[in-house]
Amino acid sequence: MPKTLAGWLISIDPRFKHIRPVVYTVSRVNFSGFTTGGSSNNGAGNGGSNHSTAWSRYNYCRQQEFLRPPNASGWQYYGQQRNYGMLLGRVLRGVLKLRYLVLGSAIGGGVTLNKRYEEWKDGLPDMKWLEEVFPDNEKWAGFTKNLLAVKDAVKDSIEIDPRLKQLSEHKLNEWRQWFDQRLDNAIEAAETQQNPQIETTKEELRAKNTVNAKGLSAEDSRKRVDTLQAQVDSLQTEIMNVQLKYQREVEKLEKENRDLRQQYLIMKTNRKQPTKKRIKKSLIDMYSEVLDELSGYDTSYTTADHLPRVVVVGDQSSGKTSVLESIAQARIFPRGSGEMMTRAPVKVTLSEGPYHVAQFRDSDREYDLTKESDLSELRRDVEIRMRNSVRGGKTVSMDVISMTVKGPGLQRMVLVDLPGIISTQTVDMAPDTRDQIKHMTEHYMSNPNAIILCIQDGSVDAERSNVTDLVSQCDPLGKRTIFVLTKVDLAEDLADPNRIRKILSGKLFPMKALGYFAVVTGRGRKDDSIETIREYEEKFFKNSKLFQSGVTMSHQVTTRNLSLAVADRFWKMVRETIEQQADAFKATRFNLETEWKNNFPRLRESGRDELFEKAKGEVLDEVVNLSQVSAKKWEELMNSKLWEKLSSYVFENVYLPAAQSGSQNSFNTMVDIKLRQWAEQALPAKSVEAGWEALQKEFQHLMEVARRTPDHDDLYDNLKSAVIDEAIRRHSWEDKAIDMLRVIQLNTLEDRSVHDKQEWDQAVRFFEASVKDKLLATEKTIGEMFGPSTSEKWLHWRSSTEEQNKRRQVKSELDKILDSDSKHSPTLSYDELTTVRKNLQRGNVEVETDYIRETWYPIYRRHFLKQALNRAYDCRKAYYLYSQQGSDCEVNCSDVVLFWRIQQVIKVTANALRQQVINREARRLDKEIKEVLDEYGEDDEKKQQLLTGKRVQLAEELIRVRQIQEKLEEFINALNLEK
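Residues numbered from 1 in each chain as written. Predicted model: local features only at pLDDT ≥ 70, side-chain atom pairs only at ≥ 80, totals over all residues. Heavy atoms only, no water.

- As annotated in an unreviewed UniProt entry, the protein carries the name Dynamin-like GTPase OPA1, mitochondrial and comes from Anopheles christyi.
- In UniProt, the protein has this text filed under Catalytic activity (unreviewed entry): "GTP + H2O = GDP + phosphate + H(+)". (UniProt positions renumbered as here; feature names shortened; annotations may be inferred.)

## Focus: the overall build of the protein
Here comes step 1: Counting secondary structure elements, the protein contains 34 helices and 9 strands.
Here comes step 2: Put simply, 78% of the contacts in the protein that link residues at least 6 apart link residues at least 24 apart. (Helix = DSSP H or I, 4+ residues; strand = E, 2+ residues; numbered from the N terminus. Contact = heavy atoms within 4.5 Å.)

## Remarks on unusual backbone geometry
Here comes step 1: The backbone of Q329 sits at a positive phi, close to 60°, despite the residue not being glycine.
Here comes step 2: Mapping Q329 onto the fold places it in the loop between α11 (320–328) and β2 (346–352).
Here comes step 3: Note on Q329: relative accessible area 26%, which makes it partly exposed.
Here comes step 4: For K487, which is not glycine, the phi torsion reads 55° and is therefore positive.
Here comes step 5: Tracing the chain through its elements places K487 in the loop between β8 (481–486) and α15 (488–494). (Buried < 20%, exposed > 50% of the residue type's maximum accessible area, 1.4 Å probe, protein only.)

## Describing the nonpolar core
Here comes step 1: In terms of nonpolar packing, the biggest core is built from 102 residues, with Y655, W760, L814, I902 and I929 touching the most fellow members.
Here comes step 2: Ranked by residue count, the leading element in this core is helix α32 (residues 894–938), at 17 residues.
Here comes step 3: Those residues within four positions of W760 in sequence are excluded, and the remaining contacts are V754, C875, R876, A878, Y879, Y882, C893, V896 and V897.
Here comes step 4: Residues Y287, V290, V382 and M403 belong to the second largest nonpolar core, which totals 65 residues. (Core = buried A, V, L, I, M, F, W, Y, C linked by side-chain atoms within 4.5 Å.)

## Things to note about the environment of Q945
Here comes step 1: For Q945, the location among the structural elements is in helix α33 (residues 940–946).
Here comes step 2: Through-space distance from the C-alpha of Q945 to that of N718 is 9.0 Å; in sequence the pair is 227 residues apart.

## A few points about the side chain of K774
Here comes step 1: Relative to the helices and strands, K774 resides in helix α26 (residues 757–786).
Here comes step 2: Of the buried charged residues, K774 lacks a salt bridge, with E652 as the closest side chain of opposite charge at 5.0 Å.
Here comes step 3: Apart from the residues lying within four places of it in its own chain, the contact partners of K774 are S647, S648, F651, R861 and L865. (Lys, Arg positive; Asp, Glu negative; His and termini not counted. Salt bridge = Lys/Arg side-chain N within 4 Å of Asp/Glu carboxyl O.)

## Some points on the sheet that holds β8
In any sheet, the strands associate via hydrogen bonds between backbone groups, in a parallel or an antiparallel arrangement.
Here comes step 1: Taken in spatial order, the 9 strands make up an open sheet running β4-β3-β5-β2-β6-β1-β7-β8-β9, and their pairing is mixed. The open sheet has two free edges, formed respectively by β4 (367–368) and β9 (515–518), since each of these has just one partner strand.
Here comes step 2: When β2 meets strand β5 (residues 401–407), the two strands line up parallel, connected through 7 bridges. Bridge pairing in β5 links L350 to V405.
Here comes step 3: Contacts from α11 reach β1 (310–314), β2, β5, β6 (413–417), β7 (451–457) and β8, with the element oriented near 160° to β6. (Pairing = 2+ DSSP bridges. Axes fitted to C-alpha atoms, helices over the stretch in contact; angles between N-to-C directions.)

## Notes on the state of the cysteines
Here comes step 1: Under the definition given, this model contains 1 disulfide.
Here comes step 2: Note that C875 is cross-linked by a disulfide to C893, the S-S spacing being 2.1 Å. Measuring the twist about the S-S bond at about -110°, one finds the C875-C893 disulfide to be left-handed. With C875 in helix α30 (residues 849–875) and C893 in the loop between α31 (879–885) and α32, this residue pair connects regions lying 18 residues apart in the sequence. With respect to class, C875 is no different from C893; both count as buried. (Disulfide = S-S within 2.5 Å.)

## Regarding the packing of helix α20 (residues 608–625) against α32
Here comes step 1: Packing of α20 against α32 brings their axes to within 10 Å, and their N-to-C directions diverge by 170°. With respect to α32, the axis of α20 lies roughly antiparallel. Packed against α20, whose contacting residues are F612, K616, V619, L620 and V623, the element α32 presents A922, D926, I929, K930, L933, D934, Y936 and G937 at the interface.
Here comes step 2: Grouping the constituent residues of the contact of α20 with α32 by class yields 8 nonpolar, 1 polar and 4 charged. (Parallel < 35°, antiparallel > 145°, perpendicular 65-115°, else oblique. Nonpolar A, V, L, I, M, F, W, Y, C, P; charged D, E, K, R; others polar.)

## Considering helix α21 (residues 631–659)
Here comes step 1: Taking 1.5 Å as the rise per residue, α21 with 29 residues should run 42 Å; its terminal C-alpha atoms sit only 36 Å apart, a clear shortfall.
Here comes step 2: Along α21, the largest kink reaches about 45° and is centred on V650. (Expected span 1.5 Å × (residues − 1). Bend = angle between axes of the 7 residues up to and from the residue.)

## Let's talk about the packing of aromatic side chains
Here comes step 1: A complete count under the given rule lists 21 aromatic pairs for this structure.
Here comes step 2: Measuring from centroid to centroid gives 4.8 Å for W596 and F600, while their planes differ by 45°, and the two rings are tilted.
Here comes step 3: You can call W596 buried: its relative accessible area is 2%. (Phe/Tyr/Trp six-rings, centres within 6.5 Å; stacked < 30°, edge-to-face > 60°.)

## Looking at the packing of α21 against helix α22 (residues 664–680)
Here comes step 1: Here α21 crosses α22 at 150°, and the two axes come no closer than 8 Å. In terms of their interaxial angle, α21 and α22 are classed as roughly antiparallel. Between α21 and α22 lies a crossing whose hand is right-handed. Touching L646, Y649, V650, N653, V654, Y655, P657, A658 and A659 of α21 are F667, M670, V671, K674, L675 and W678, all from α22.
Here comes step 2: Among the residues forming the contact of α21 with α22, the class breakdown is 13 nonpolar, 1 polar and 1 charged. (Left-handed = near helix turned anticlockwise from the far one by under 90°.)

## Brief notes about the pattern of salt bridges
Here comes step 1: Counted according to the given criterion, the structure contains 47 salt bridges.
Here comes step 2: Note that R708 is salt-bridged to E704, the shortest N-O span being 4.0 Å.
Here comes step 3: R862 is the salt-bridge partner of E779, the closest N and O atoms lying 3.5 Å from each other. One end of the pair, E779, is in helix α26; the other, R862, is in helix α30, with 83 residues separating them in the sequence.
Here comes step 4: Connected through shared salt-bridge partners, D672, R676, E680, E750, R752 and R901 make up one network.

Pasting the structure below:
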């Protein structure tokens, strides 16, 4: 019972302790005289209970004014407390009003949110079947609790006997750490997968696993440990089975999701758009285009191409290609039995798409990877491209074969498959094949941002590996290397599990890596599909002794986990390095633009493609100019070229044999026979050949005129010349033109009478000019054979050789024969040869008969041509005699008639060829030139050969850097949007 009123009030309500004036006043009053149950000394009445007694005390205090403040300051303090209370009341009232507003808004928003949630929930597929698969919360909580209890029970119950420490204290500590780690991993796996199947109570596990090592022998303790290990292995096997079961369910959901996404993409693709829009490229396709641009710009990685790509390296037949095919989910590469199949780098861009298709970079064809026929064609085309890339007796090539594989669920990345590293060269390989493969591998791995996918064959001894040393040299710290152990199914029975554990933990090889994976890429059968291989891989790891014994972890196995890890690392490295590469190309572009402005300030940066198009236009313009050539000029060109082609045959095969026949009748007969044979056989073809040469000559003349113009750019000369030469080489005159010319020429040669004096005079002049040309050629031959004349010796200080002096002595004897008989036959008789030979012997000159005949031929030819020229002079005024007497004319003008017939044939042939050139051949030549230009336009090597110089190289490099920078910026923007 409190002794004071203040204590009593505070006992009733603790808030009274804050009213200090009241407590102060009342504390001075002593209530010791009051009793709880009866009368008091002060005459207070009786109270029936504690409650009545308390109120009696309170009323007494009120009467005695003990509850009043003791002074004025007390009242002032009391007023302040009252003001504070009123302020607090106002604040509480405002808060209560705000509570109603907030509460109303929350209720309204909750109703709206609940409505939206119900609508969204109705749109989801039926997932009730998952309730049968996944456990409820109570079972899962109980299972997690039991596992934690198992962990504590096992850790607390295993106490090592000190006697065992002397046996193998180090080994037992190592085992204990390993067991704790495996148990933690099992609990973590169970929490992740939500396994409801293991329901073991804490007491049961403690009864089974409690091992008190005190007082037991080492053998008994070891047996207990083995029993405990077997139970843990059994538990881990159950976890693995459940994990595989849920993984299959997840894959089933993923497949359904891919099918739905595929249908959505198909509907989106087939949807008709009112306007044609630009197709949006995927992020990985944009990145692949950047790599393609860089591969053409700089193939040595010395400038700025340090962009990430996944480089697949390994020994030959280690399973590199199989790993890549498993990641791409299609068998896209050719196979061979022990033969080197990968002969060139193959860049494979993996991206997601509605259809599982593949496509080469330089081709529009798509291969449906769901059809075996398309897969076979794709493998065959890959093999053909690899073999075509190998030139000059080489076995491997640096030419990159670029292809894209799209499909639902594919991880987006860029991989480069390289030829396998070999230890021994076979006789059918080039001598430097091994060094070339090693150089190629180092070349790709030297990229500081390349992700190295190191493939190691698990079925062979680790000491036989060649690739691990190369990888450790290029990436000694293992910051960008992922190690993959293939053919684990074969290694399970052949290799020691401890060695496999060391390999996958990075303790066997000197190289280091970011991660270690074990995969199975097939059963050694070429016809197995990817689905069959994946099922075999899953079944193997489910029943594998390596996994059950704790050699490998679940995240270290299967190709699916490998592809996820590689893709994750790939995009992480892309995001870390892409900005740096873009800045490097900005600096390169600035330097190139500055160099261009200093060297070519008034010219635009035109690459080879643009320069080629300009040269193409100029060449085609010159072809058009052929149609502007006048008909008169074409006929003059044709006449000149025809006589140049036909003159030799006319003189040597027609005129000279007929003129030396001896009589006019035999002359005409022989001429008719020879002309007809000529017109039926060789003349049409020779005429076409002459027409083609005339066309070629005129076209080259037009090109030469264009070169002399002030605005001519000699940069295109090599290209123009090459195009024209190639077109001329390919061009051939139409075959029907020969038949047409044959008919025209035969009809013309049938006419043997000169029609008028003008044509006669033209024929005479034509005959004279032709004879004079042949006479000049004969005089030149004689001058070379017999040496300089007397005047030339004195005027030009020339002298004759011994051979020429000998020829001159023979000539003097032959001149005597011609002087004695001006109508001598073309050949010397035996008697004449003997006479000449004997006369020369008298002068101590020994010659053979053939030597005399060889000397006789040019001498007689000159003699004959001079006689013919004299007849031409005589025939100038003999037209009237010829017109009246015909072939019986007193003046023998048969040679003039022959040359008139030849002249007429040349005229009609030239006219026909002119018409063919204008109407047909110029257009056909234009077509040939266009075809050559189109072929050269698609041949980059040709353009590089024909368009050269600093101006072209600098412009080409500047354009390429701009393109790369633009693609990099486009990719960076898309990458930032995806973030």
